[in-house]
Amino acid sequence: MKTYIAKRADIKKNWHLIDANEAVLGRLATKIAFMLRGKDKAVYTPYEDTGDFVVVINAEKIKLTGDKLTQKEYHHHTHYPGGLKTVSIMEVLKKDPGKVITHAVKGMLPKNKLSNKLLTKLKVYAGPEHPHSAQIFKKDDGGKQ
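Residues numbered from 1 in each chain as written. Predicted model: local features only at pLDDT ≥ 70, side-chain atom pairs only at ≥ 80, totals over all residues. Heavy atoms only, no water.

1. Describing the overall build of the protein chain
- Counting its regular elements, the protein chain contains five helices and six strands.
- Along its sequence from the N terminus, the protein chain presents helices and strands in the succession β-α-β-α-β-β-α-α-α-β-β.
- Judged by the C-alpha coordinates and their principal axes, the protein chain covers about 55 × 35 × 30 Å.
- Sorting the 145 residues of the protein chain into buried and exposed places 39% on the buried side.
- With 27 positive and 15 negative side-chain charges, the protein chain shows a spacing of 6 Å between the two charge centroids. (Helix = DSSP H or I, 4+ residues; strand = E, 2+ residues; numbered from the N terminus. Buried < 20%, exposed > 50% of the residue type's maximum accessible area, 1.4 Å probe, protein only. Lys, Arg positive; Asp, Glu negative; His and termini not counted. Charge placed at Lys NZ, Arg CZ, Asp CG, Glu CD.)

2. Description of the sheet that holds strand E1 (residues 15-19)
- Strand order in the open sheet formed by four strands is E5-E2-E1-E6, with parallel pairing between adjacent strands. The sheet is open, and its two borders are formed by strand E5 (122-124) and strand E6 (137-140), each paired with just one other strand. Neighbour-to-neighbour, the strand axes of the sheet open up by a mean angle of 20°, direction not taken into account.
- Against the sheet, helix H4 (residues 97-107) contacts strand E2 (53-57) and E5, and its axis sits at roughly 155° relative to E5. (Pairing = 2+ DSSP bridges. Axes fitted to C-alpha atoms, helices over the stretch in contact; angles between N-to-C directions. Contact = heavy atoms within 4.5 Å.)

3. Regarding the pattern of salt bridges
- Taken as a whole, this structure holds four salt bridges when the rule is applied.
- Each member of the salt-bridge network shares a partner with another, and the members are Lys 13, Asp 49 and Lys 121. (Salt bridge = Lys/Arg side-chain N within 4 Å of Asp/Glu carboxyl O.)

4. Some points on the packing of helix H1 (residues 25-37) against H4
- Look at H1 against H4: their axes get within 9 Å of each other, and the N-to-C directions meet at 60°. It follows from the interaxial angle that H1 and H4 lie oblique. Seen from above, H1 lies across H4 with right-handed handedness. Listed contacts from H4 to Leu 25, Leu 28, Ala 29, Ile 32, Ala 33 and Leu 36 of H1 are Val 100, Ile 101, Ala 104 and Val 105.
- Counted by class, the contact of H1 with H4 contains ten nonpolar, no polar and no charged residues. (Parallel < 35°, antiparallel > 145°, perpendicular 65-115°, else oblique. Left-handed = near helix turned anticlockwise from the far one by under 90°. Nonpolar A, V, L, I, M, F, W, Y, C, P; charged D, E, K, R; others polar.)

5. As for unusual backbone geometry
- You will see that Asn 58, though not glycine, has its phi angle at about 60°, which is positive.
- Relative to the assigned elements, Asn 58 resides in the loop between E2 and helix H2 (68-71).
- Overall, the relative accessible area of 7% leaves Asn 58 in the buried class.
- For His 79, which is not glycine, the phi torsion reads 70° and is therefore positive.
- Here His 79 lies in the loop between strand E3 (73-77) and strand E4 (84-88).
- Residue His 79 is classed as exposed on the basis of its relative accessible area, which comes to 73%.

This is the structure we're talking about:
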């Protein structure tokens, strides 16, 4: 039995529309990362971009479990002495809710050059409107139970 290896010409990219209204952040991010990598397809190849495009709407209405809304913080360093910057997730949600979903999905992708390519296929919008109306979508509920 031979192993099938997907070739770029054989890969068909679909578009998925996910409504993040009342969806839990972690569950939504795993579902998005799964689709971006192409693991939901039979032609999945780890080193090839076999995934689909994902458009997420209503990112401002995302739900966090427990006390994460008040306790979770994002850290980054400016590479200067004393340059540790800390921002709470509540501030990020008010300023740009799409960054929260993008950050969560980025952490679930492989740590290599392929992840940057995969992240370009993720489009996140705070409200229900998006400029990708010309594409044919497969609608998802965002992992709500």
